[in-house]
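Each chain, letter by letter, is given below.
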Amino acid sequence: MEPVMAVAVGLLYAAAIFLMLRRSIVKLVIGLMLLSNAANLLIFTTAGMTRGAPPLIPEGLSAPLGPVADPLPQAVVLTAIVIAFGVLAFAVVLIRRAYEIVKADDLDKMKETDT
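Notes on the structure follow. (Residues numbered from 1 in each chain as written. Predicted model: local features only at pLDDT ≥ 70, side-chain atom pairs only at ≥ 80, totals over all residues. Heavy atoms only, no water.)

1. Side note on the packing of aromatic side chains
Aromatic ring pairs are described here by two measures, namely the spacing of the ring centres and the angle between the planes. Summed over the entire model, instances satisfying the criterion amount to zero aromatic pairs. One residue, R22, lies across the ring of F18, its end atom 4.3 Å from the ring centre. (Phe/Tyr/Trp six-rings, centres within 6.5 Å; stacked < 30°, edge-to-face > 60°. Lys NZ or Arg CZ within 6 Å of the ring centre and 35° of its normal.)

In structure tokens:
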């Protein structure tokens, strides 16, 4: 399963970089979203794709029974999802305001404005 996920993460990174190099600011934001999703998948993949029980230790034992899931990557990815949503919301508002002023979504036209 890990090789398939590695290929998927690589394709997401490639698509994100391709979109971020386009001249349209909308494609830039879509590439930014893909980049954050690729990073989240990379964290999950490097943490291991084994299914396991919650990391709870039964009373009277010193270690959990059987394989357990690591909660740290899940917490990191959950935090990253919240941060990515905040960045996306800010970028959408920024794009809307920039489009109202410049009347174009081309990045080359946006850098020539003097407002």
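On we go from here.
2. Concerning helix 2 (residues 25–47)
Given a rise of 1.5 Å per residue, 23 residues ought to cover 33 Å, and the 33 Å separating the end C-alpha atoms of helix 2 matches this to within 8%. Among all positions in helix 2, only I25, V29, G31, A38, N40 and T45 are buried. Along its buried surface, helix 2 packs onto helix 1 (2–20), helix 3 (71–102) and helix 4 (107–110). Following helix 2 by one or two positions, G48 adopts a phi angle in the positive range, close to 110°. (Helix = DSSP H or I, 4+ residues; strand = E, 2+ residues; numbered from the N terminus. Expected span 1.5 Å × (residues − 1). Buried < 20%, exposed > 50% of the residue type's maximum accessible area, 1.4 Å probe, protein only. Contact = heavy atoms within 4.5 Å.)

3. Structural notes on the packing of helix 1 against helix 2
Packing of helix 1 against helix 2 brings their axes to within 8 Å, and their N-to-C directions diverge by 160°. Looking at the two axes, helix 1 sits roughly antiparallel to helix 2. For the pair helix 1 and helix 2, the crossing hand works out as left-handed. For the pair helix 1 and helix 2, contact is made by E2, M5, V9, L12, Y13, A15, A16, L19 and M20 and by K27, L28, I30, G31, L32, L34, L35, A38, A39, L41, L42 and T45, respectively. Class assignment of the residues belonging to the contact of helix 1 with helix 2 gives a composition of 17 nonpolar, two polar and two charged. (Axes fitted to C-alpha atoms, helices over the stretch in contact; angles between N-to-C directions. Parallel < 35°, antiparallel > 145°, perpendicular 65-115°, else oblique. Left-handed = near helix turned anticlockwise from the far one by under 90°. Nonpolar A, V, L, I, M, F, W, Y, C, P; charged D, E, K, R; others polar.)

4. So, the nonpolar core
Formed by I25, V29, A91, I95, A98 and M110, the largest nonpolar core amounts to six residues. Contributing elements (two or more residues each) for this core: helix 2 and helix 3. With three residues, the single largest contributor to this core is helix 3. Setting aside chain neighbours within four positions, we find I25 in contact with I95, D105, L107 and M110. (Core = buried A, V, L, I, M, F, W, Y, C linked by side-chain atoms within 4.5 Å.)

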